[in-house]
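Geometric and topological summary
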Amino acid sequence: MNQPSQNEGQLDRILAHEDALVPSSGFAASVMDAIQEQAAEPAPIPFPWKLALPGIAALVAAIVIIVRLTASAIQSMGQNSGAASSLSRVNLDLVLSSFARVQILGAQAGPALLALAAALICTLLCRRLGARSAR
């Protein structure tokens, strides 16, 4: 119990005799110059969300279309494979029709995926260029 009070007393003495910290002579002037320089800079240009909304809406619509096409193709393939398994022999027409549906899905989803990738690349490029100009 005696030891902590002695340490506290020594610490109080050391802190009481320590010299006050005084900034260097040019410190206040350099801080004020930096503040004035920063205040003179123009504000960063905000991102034009109103102009980006149509692109974002198109992106969301493309995602919804791709998901629906994929879900309908998977569902139709599941129904066709169930019908084929119930038959004793393989129906060639059924296999060809499901293959044709997969080809149609690929033909429809290909351009949508390409547009989606192009929109993503444009968005990333614009954000990167905007971040560079903000500096």
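Attention in this report is confined to the structure presented alongside it. Bear in mind that the values here come from a model prediction, so they are computed numbers and not experimental data. (Residues numbered from 1 in each chain as written. Predicted model: local features only at pLDDT ≥ 70, side-chain atom pairs only at ≥ 80, totals over all residues. Heavy atoms only, no water.)

As for the overall build of the protein
For the record, the criterion: Each helix corresponds to a stretch of at least 4 residues labelled H or I by DSSP, and each strand to a stretch of at least 2 residues labelled E; elements are numbered beginning at the N terminus. With a 1.4 Å probe rolled over the protein chains alone, any residue whose accessible area is under 20% of its type maximum counts as buried; one over 50% counts as exposed, and the rest are partly exposed. Here the accessible surface of atoms and residues is derived via Shrake-Rupley with a 1.4 Å probe, and residues count as covered only by protein chains that are part of the display.
On a plain count of helices and strands, the protein comes out with 4 helices and 0 strands. Secondary structure elements of the protein, listed N to C terminal, follow the sequence α-α-α-α. A burial count over the protein gives 9% of its 135 residues as buried. Of the roughly 11,700 Å² of accessible surface on the protein, 67% is carried by carbon and sulfur atoms.

Some thoughts on the state of the cysteines
Inclusion rule: Disulfide assignment relies on a single distance test, namely cysteine sulfur atoms paired within 2.5 Å.
Here the structure, examined in full by the defined rule, presents 0 disulfides. Cys122 takes part in no disulfide bond, and the closest cysteine sulfur, belonging to Cys126, lies 6.4 Å away. On the accessibility criterion, Cys126 (48% relative accessible area) is partly exposed.

Here we look at the environment of Ala58
With respect to the helices, strands and loops of the structure, Ala58 is situated in helix H3 (residues 49-86). Using a relative accessible area of 47% as the deciding quantity, one classes Ala58 as partly exposed. Separated by 58 residues in sequence, Ala58 and Leu116 place their C-alpha atoms 8.8 Å apart.

Examining a nonpolar patch on the surface
Cut-off, in case you're wondering: Each patch is built from salt-bridge-free residues with over 30% relative accessible area, joining like charges within 9 Å and nonpolar side chains (Val, Leu, Ile, Met, Phe, Trp, Tyr) within 5 Å. Salt bridges are identified by distance alone: a Lys or Arg side-chain nitrogen within 4 Å of an Asp or Glu carboxyl oxygen.
On the surface, Phe47, Trp49, Leu53, Ile56, Val60 and Val64 cluster together into a nonpolar patch covering about 570 Å² of accessible area. One can find Phe47 in the loop between helix H2 (27-40) and H3.

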